[in-house]
Amino acid sequence: MLRLFIVKYATSFGICARVRPEQRTDFKMQARIHSTLFNKVEFSEKIVNGFQCAINEALQYVGRTAPNPPVGCAILDEQGNLLTVAAHHQAGTLHAEALALQQCKDLGVWDRISDVIVTLEPCNHTGRTPPCSEALLQSPAKRIWIGVKDPNPYVCGAGHVRLQEGGKEVFLLEDILSIMAQYWHQQCVDLLAPFTKFMLEHKAWITVKQALNVSGSMVPPKGQKTFTSSRSLTLAHQLRRGTEAIITGVNTIKMDIPSFTVRHVPDHPEKTRLLVICSQAKEKLEDALSEQYIEQAKANGFSLLLCNDLERLPELLYAHKVMWAMVEAGPLLLQEFRQRQLWDEWLTIRQQTQGEDDVNIISKHTAFPTRQLLSDVQFHFEKEELCSLVS
């Protein structure tokens with residue numbers, strides 16, 4: 001059954017994506033040299049389990065790591081037993097690989113390190129922390145398995161080449177001709193999609209969240225603020241938790257007085273977010289909103305920003321180091337996002353006459369980070385035009 005699902009997945013979404021030619025670096029020759037080796041590699045069940053553990057750990061910190069990417073790392077012994085799993089927690093702290101190696105020392109299993117599985121290519125430069133490539137070279141690791149190459153065009157490939165030069169066996173999932181390997185490569189692509197756009201386009205990834213009732217309207221019954229199920233509310237708050245900014249309209253705030261806080265799931269500790277209020281009027285924030293609402297939003301951990309020009313919004317978010325933003329607004333503003341193509345994913349939660357709400361998702365890309373973040377949800381993948389989703 002799993003194999004059938006993976007085949008359907010690969011056929012539907014073209015998961016064998018590659019870095020575009022203009023993004024390739026001088027390291028592409030080395031990748032070709034090793035491609036014959038990669039194609040003969042056995043992508044075992046224990047390596048699969050390692051990637052699953054690494055991704056699950058990274059997902060716990062999505063929304064907290066910006067402007068760094070969420071990265072997970074699992075370390076196995078020679079028999080494929082899991083020694084430890086770690087993730088990057090936030091900018092300025094140890095990267096996933098360095099933390100996992102430190103945990104192996106603390107657990108007394110350093111000498112048993114054999115396979116290192118990491119969702120993103122290890123860094124090979126010194127920033128706020130030392131390069132992970134050097135830390136791995138100083139470890140007993142024999143094999144390094146990499147989910148995706150670093151999307152930064154200036155360093156893409158440098159980490160895995162440095163590891164190869166240092167005598168490690170390095171395997172890039174994108175170069176392994178195995179349906180299972182390509183499936184997990186796509187999972188890592190999904191995980192890193194907002195960071196990839198942030199690095200390559202200097203723009204934030206924007207996910208629109210829209211709730212529709214049974215008749216296709218966004219307007220809740222009189223006296224209520226929502227009509228979706230408690231399960232759907234939890235999904236919405238999971239998505240809020242994973243993003244660094246909420247985008248809304250000034251009229252939504254005036255009519256609903258929403259808090260936009262994360263409630264139905266635990267939020268990241270001491271997390272601050274950007275609240276972007278869109279308004280066509282050339283006014284100041286203090287003119288658009290009441291002083292009481294502004295103060296309460298600040299007390300809830302938000303930095304407020306007024307946006308008068310939607311076309312500049314993706315770059316504006318990038319300037320504030322936002323990788324992933326979520327739109328929660330009324331039909332008029334959503335119509336503007338649709339017409340201007342200012343979205344990357346469109347998540348629609350539809351109320352049903354019976355049973356749980358229907359959850360649908362559209363992406364303009366081959367990546368679906370929302371699907372990855374809400375990994376326990378059964379999504380439907382829509383092909384229809386978005387105009388039918390905006391009431």
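Residues numbered from 1 in each chain as written. Predicted model: local features only at pLDDT ≥ 70, side-chain atom pairs only at ≥ 80, totals over all residues. Heavy atoms only, no water.

Caption draft 1: Main features of the overall build of the protein chain. When you go through the protein chain residue by residue, the secondary structure sums to 14 helices and 13 strands. Looking at the protein chain residue by residue over its 391 residues, the buried ones come to 54%. Of the contacts made within the protein chain by residues no fewer than 6 positions apart, 74% connect residues no fewer than 24 positions apart. Approximately 18200 Å² of the protein chain is accessible, and the part contributed by carbon and sulfur atoms is 51%. (Helix = DSSP H or I, 4+ residues; strand = E, 2+ residues; numbered from the N terminus. Buried < 20%, exposed > 50% of the residue type's maximum accessible area, 1.4 Å probe, protein only. Contact = heavy atoms within 4.5 Å. Areas by Shrake-Rupley, 256 points an atom, 1.4 Å probe, with all protein chains shown as cover.)

Caption draft 2: Representation of the nonpolar core in the model. With 79 residues, the main nonpolar core has Phe-43 and Leu-289 as its most contacted residues. Considering each element in turn, this core owes the most residues, ten residues, to helix α7 (residues 179-201). Residues in contact with Leu-289, not counting those within four places in the same chain, are Val-250, Ile-253, Ile-277, Ile-294 and Leu-304. Ranked by size, the runner-up nonpolar core spans 25 residues in total, among them Ala-245, Ile-247, Leu-313 and Ile-362. (Core = buried A, V, L, I, M, F, W, Y, C linked by side-chain atoms within 4.5 Å.)

Caption draft 3: Summary view of the pairing of strand β7 (residues 245-249). Most of β7 is tucked away, with five of its five residues classed as buried. The two faces of β7 match: Ala-245, Ile-247 and Gly-249 on one face and Ile-246 and Thr-248 on the other face are all buried. As judged from the five bridges shared by β7 and strand β8 (residues 273-278), these two strands associate in the parallel manner. Bridging across to β8, Ile-247 finds its partner in Val-276. Where the polypeptide runs from β7 across helix α9 (residues 250-256) and back to β8, its parallel neighbour, the crossover connection is right-handed. (Pairing = 2+ DSSP bridges. Right-handed = clockwise from strand over helix to strand, strands pointing away.)

Caption draft 4: Spatial organisation of helix α11 (residues 291-299). Three or more residues of α11 are buried, namely Tyr-293, Ile-294 and Ala-297. Seen from one end, α11 has its buried residues packed into an arc of 100 degrees, which puts them on one side. Within α11, the exposed residues directed more than 90 degrees away from the buried face are Glu-291, Gln-292 and Ala-299. Tucked into the core, α11 has its buried residues touching α9, β8, α10 (285-288) and β9 (302-307). Gly-301 lies just past α11 and shows a positive phi near 95 degrees. (Arc of directions from axis to C-beta.)

Caption draft 5: Representation of the sheet that holds strand β4 (residues 143-148). Across the sheet, five strands lie side by side as β2-β1-β3-β4-β5; this open sheet has mixed pairing. Edge strands, defined here as strands with exactly one partner in the open sheet, are β2 (82-87) and β5 (169-172). Looking at each pair of strands side by side, their axes are set apart by 15 degrees on average, direction ignored. Bridge count between β4 and β5: four bridges; the pairing is parallel. Residue pairing in the sheet places Arg-143 in a bridge with Glu-169 of β5. Contacting β4 and β5, helix α6 (residues 158-165) runs over the sheet at an angle of about 150 degrees to β5. (Axes fitted to C-alpha atoms, helices over the stretch in contact; angles between N-to-C directions.)

Caption draft 6: Layout of the pattern of salt bridges. Tallying each qualifying case throughout the model produces 13 salt bridges. Each of Glu-78, Asp-115, Lys-142 and Arg-143 takes part in salt bridges that share partners, so that together they form one network. (Salt bridge = Lys/Arg side-chain N within 4 Å of Asp/Glu carboxyl O.)

Caption draft 7: The arrangement of helix α4 (residues 96-107) in detail. The end-to-end C-alpha separation of α4 is 16 Å, in line with the 16 Å expected for twelve residues at 1.5 Å each. Among all positions in α4, only Ala-96, Glu-97, Ala-98, Leu-99, Ala-100, Leu-101 and Cys-104 are buried. Downstream of α4 by a residue or two, Gly-108 has a phi angle that is positive, lying close to 75 degrees. (Expected span 1.5 Å × (residues − 1).)

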